[in-house]
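As a plain string of letters, each chain reads:
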Amino acid sequence: MLSPFFMCKGAEMKNLLTIAGSDCSGGAGIQADLKTFAAHGTFGMSVIVSVVAENTARVIDIQDVTPDMIKKQMDAVFEDIFPDAVKIGMLSTPECMQAVAEKLTEYKPQNVVIDPVMYAKNGCALMQPYAIDTLIKTIIPLADVLTPNIPEAEKIAGMEIKTVADMEAAAKKICAMGCKGIVVKGGHHIGNAVDVLFDGKEFYHFETERINTKNTHGTGCTFSSAIAANLANGLSVAEAVKNAKSYVTKAIEHSLAIGKGCGPTHHFVDLYRKAGMLE
């Protein structure tokens, strides 16, 4: 597999947009998305829907951007630099969701990857519980690829997930809600990390050994952004998920032990290695 840094070599650089919350500690949210886009040789843009005062250990507070300003940010991007893929992360309220859905319906971008973020890595809520119905009705049908982890998939599907067979059943159930494809991430299971992709027709399993580290802040954001970048760079959904899984696994293997909680992943490990800064 080619390094993500060279996927755009000799080709036109693709433009990507992230619509998500901002993580002031730099490991998740908008910041993780932009780093991931850059690592895949793409040009990143952002629409901030919430400002999150968080660090590796806790979420202190959240301040949502008004729906009107969310829509104006999206207009500013789409009327000037139309994105080749869109990654959507944290949408904390129904009003945020409806604003984003309105503009996505208007502009109709391709390669929409949605990470239905409900909790931070430390367990703090990032989506209001009463917003799940709006997520199901207005956001999920816009997804080319949806990337819930197991707790999120359980909430959306309304079922318990304990096995890979359960992950497949949940994927089918959620896909019937309108998304074109879904990856149920297995990082919350014991044992190897198995992700289950259902593209509407077939199942694919992507399995790696579990890495013994607490430093996984922003892995969900990074994974979904990597899928979006790979789709924009011309890969199929299955290839995009496979490459994104490889990328995020390497980023976790070389994660950064900084902060007092769950440290961030290393988005530029390949670049650092090529520069002789890593063994």
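The structure we're discussing is the one just above.
Now for a quick tour of the structure. All values derive from a computational prediction rather than experimental measurement.

### Some words on the pairing of strand S9 (residues 203-208)
Item 1. Pairing of strand S8 (residues 193-198) with S9 involves six bridges; the strand directions are antiparallel. Opposite Ala-193, over in S9, you have Thr-208 as the bridge partner.

### Quick look at the packing of helix H7 (residues 219-232) against helix H8 (residues 237-253)
Item 1. In contact at an axis separation of 8 Å, H7 and H8 are set at 140 degrees when each is read in the N-to-C sense. As far as their axial angle goes, H8 and H7 are oblique. As for the relative orientation of H7 and H8, their crossing is right-handed in sense. Facing H7, whose interface residues are Thr-219, Thr-222, Phe-223, Ala-226, Ile-227, Asn-230 and Leu-231, H8 presents Val-237, Ala-240, Val-241, Asn-243, Ala-244, Lys-245, Tyr-247, Val-248 and Ile-252.

### Overview of the packing of aromatic side chains
Item 1. Applying the stated criterion across every chain yields a total of three aromatic pairs.
Item 2. Judged by centre distance (5.1 Å) and plane angle (75 degrees), the rings of Phe-78 and Phe-82 are edge-to-face.
Item 3. In this structure Phe-78 comes out as buried when scored by relative accessible area, which is 5%.
Item 4. Given a relative accessible area of 38%, Phe-82 falls into the partly exposed group.
Item 5. Centre to centre, the rings of Phe-78 and Tyr-107 are 4.6 Å apart; their planes meet at 5 degrees, and the pair counts as stacked. Remark: Tyr-107 occurs in helix H3 (residues 94-107) and Phe-78 occurs in helix H2 (residues 67-78); sequence separation between them is 29 residues.
Item 6. Members of the aromatic cluster, each reached through a chain of ring pairs, are Phe-78, Phe-82 and Tyr-107.

### Side note on H2
In an α-helix, one turn spans 3.6 residues; hence positions three or four apart end up facing the same way.
Item 1. Over its 12 residues, H2 extends 17 Å from the first C-alpha to the last, a length consistent with the 16 Å expected when each residue adds 1.5 Å.
Item 2. If you check which residues of H2 are buried, you get Ile-70, Gln-73, Met-74, Asp-75, Val-77 and Phe-78.
Item 3. Buried-residue contacts for H2 involve strand S1 (15-23), strand S2 (43-54), strand S4 (85-88) and H3.

### Overview of the nonpolar core
Item 1. If you look at the biggest cluster of nonpolar residues, it comprises 47 residues, and the most contacted ones within it are Ile-19, Ile-70, Ile-88, Val-100 and Ile-182.
Item 2. Per-element accounting of this core gives the leading share, seven residues, to H3.
Item 3. Among all residues touching Ile-70, those that are not within four sequence positions of it are Val-47, Ile-48, Val-49, Val-65, Cys-96, Ala-99 and Val-100.
Item 4. Leu-16, Ala-85, Val-183 and Val-248 belong to the second largest nonpolar core, which has 23 residues in total.

Definitions and cut-offs
- Residues numbered from 1 in each chain as written.
- Predicted model: local features only at pLDDT ≥ 70, side-chain atom pairs only at ≥ 80, totals over all residues.
- Heavy atoms only, no water.
- Pairing = 2+ DSSP bridges.
- Helix = DSSP H or I, 4+ residues; strand = E, 2+ residues; numbered from the N terminus.
- Axes fitted to C-alpha atoms, helices over the stretch in contact; angles between N-to-C directions.
- Parallel < 35°, antiparallel > 145°, perpendicular 65-115°, else oblique.
- Left-handed = near helix turned anticlockwise from the far one by under 90°.
- Contact = heavy atoms within 4.5 Å.
- Phe/Tyr/Trp six-rings, centres within 6.5 Å; stacked < 30°, edge-to-face > 60°.
- Buried < 20%, exposed > 50% of the residue type's maximum accessible area, 1.4 Å probe, protein only.
- Expected span 1.5 Å × (residues − 1).
- Core = buried A, V, L, I, M, F, W, Y, C linked by side-chain atoms within 4.5 Å.

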